[in-house]
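Summary of structural features
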Amino acid sequence: MGCHLADGSGEPGRVPSIRRSLVLFSATPQGREYVIRVPGVAQSPLSDEDTAALLNWLAKNLSDLPLPSSFADYSAAEIQKSRSHPMARVSVMRARLMKAAAAKDGP
């Protein structure tokens, strides 16, 4: 629990909830990189293994969206590869990912 509340919700106007976005973002390579590079994950004192385990637990236990059968667990290697480059413009990348997800789902 850092930026988000214990139930995965956020703070309106400041921190968006991960309850609807974590599983959604985890479905694409760009989304997965975003999840790992947000400052709260990238700069977490947790080990790569513990960070991967936490993201997997969050996706499986706190998501308001069903976990698709194609969900791929985060791995320690994946965390290690991306977390060394924290994202500076988080809200810009999040908006792009949300727009892409909406376009994929169609009207």
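Just so it is clear, the model here is predicted, and its values are computed rather than measured. (Residues numbered from 1 in each chain as written. Predicted model: local features only at pLDDT ≥ 70, side-chain atom pairs only at ≥ 80, totals over all residues. Heavy atoms only, no water.)

Considerations on the nonpolar core
- Leu22, Tyr34, Val35, Leu55, Leu58, Tyr74 and Ile79 are the most contacted members of the largest nonpolar core, which has 19 residues in total.
- Put simply, the parts of the chain that give this core at least two residues each are helix H1 (22–25), helix H2 (29–37) and helix H4 (48–61).
- Excluding anything up to four places from it in sequence, leucine 22 contacts Val35, Leu55, Leu58, Ala59 and Tyr74. (Core = buried A, V, L, I, M, F, W, Y, C linked by side-chain atoms within 4.5 Å. Buried < 20%, exposed > 50% of the residue type's maximum accessible area, 1.4 Å probe, protein only. Helix = DSSP H or I, 4+ residues; strand = E, 2+ residues; numbered from the N terminus. Contact = heavy atoms within 4.5 Å.)

Quick look at the packing of H2 against helix H5 (residues 76–83)
- Interhelical geometry of H2 versus H5 gives an angle of 75 degrees and a closest axis separation of 9 Å. One way to sum up the angle between H2 and H5 is to call them roughly perpendicular. In contact with Arg32, Glu33, Ile36 and Arg37 of H2, H5 contributes Glu78, Ile79, Ser82 and Arg83.
- Of the residues assigned to the contact of H2 with H5, the class counts are two nonpolar, one polar and five charged. (Axes fitted to C-alpha atoms, helices over the stretch in contact; angles between N-to-C directions. Parallel < 35°, antiparallel > 145°, perpendicular 65-115°, else oblique. Nonpolar A, V, L, I, M, F, W, Y, C, P; charged D, E, K, R; others polar.)

What about the packing of aromatic side chains?
- Counted under the stated rule, the structure contains one aromatic pair.
- Centroid distance phenylalanine 25 to tyrosine 34: 5.2 Å. Interplanar angle 80 degrees. Geometry classified as edge-to-face.
- A residue is classified by how much of its surface remains accessible, and phenylalanine 25, at 3% relative accessible area, is buried.
- When the ring centre of tyrosine 74 is taken as origin, the NZ or CZ atom of arginine 32, which lies over that ring, is 4.0 Å away. (Phe/Tyr/Trp six-rings, centres within 6.5 Å; stacked < 30°, edge-to-face > 60°. Lys NZ or Arg CZ within 6 Å of the ring centre and 35° of its normal.)

Focus on the confidence of the model for the chain
- Looking at the chain, pLDDT values average 85 and 93% of them are 70 or higher.
- Here helix H6 (residues 90–105) stands out as the element of the chain with the lowest mean pLDDT, 81, in contrast to H4, whose mean of 95 is the highest. (pLDDT = per-residue confidence, 0-100.)

Here's the deal with the environment of proline 29
- The residue proline 29 is located in helix H2 in this model.
- In this structure proline 29 comes out as exposed when scored by relative accessible area, which is 64%.
- Sequence spacing of proline 29 and serine 63 is 34 residues, and the spatial spacing of their C-alpha atoms is 19 Å.

Quick word on a nonpolar patch on the surface
- A cluster of nonpolar side chains, namely Leu46, Leu54 and Trp57, defines an oily patch on the protein surface of about 270 Å² accessible area.
- Within the secondary structure layout, leucine 54 lies in helix H4. (Patch = residues over 30% accessible without salt bridge, like charges linked within 9 Å, V, L, I, M, F, W, Y side chains within 5 Å. Areas by Shrake-Rupley, 256 points an atom, 1.4 Å probe, with all protein chains shown as cover. Salt bridge = Lys/Arg side-chain N within 4 Å of Asp/Glu carboxyl O.)

Side note on the side chain of serine 82
- Mapping serine 82 onto the fold places it in helix H5.
- In this structure serine 82 comes out as buried when scored by relative accessible area, which is 12%.
- Setting aside residues up to four positions removed in sequence, serine 82 forms contacts with Glu33, Ile36 and Arg37.

A word on the environment of arginine 19
- Within the secondary structure layout, arginine 19 lies in the segment before H1.
- Given a relative accessible area of 21%, arginine 19 falls into the partly exposed group.
- Spatially, the C-alpha atom of arginine 19 lies 15 Å from that of leucine 97, the residues being 78 residues apart in sequence.

Remarks on the packing of H4 against H5
- Contact pair H4 / H5: the axes reach a minimum separation of 8 Å and the direction vectors enclose 110 degrees. In terms of orientation, H4 and H5 fall into the roughly perpendicular class. Where H4 abuts H5, its residues Asp48, Glu49, Thr51, Ala52 and Leu55 lie against Ala76, Ile79, Gln80 and Arg83.
- Of the residues contributing to the contact of H4 with H5, the split by class is four nonpolar, two polar and three charged.

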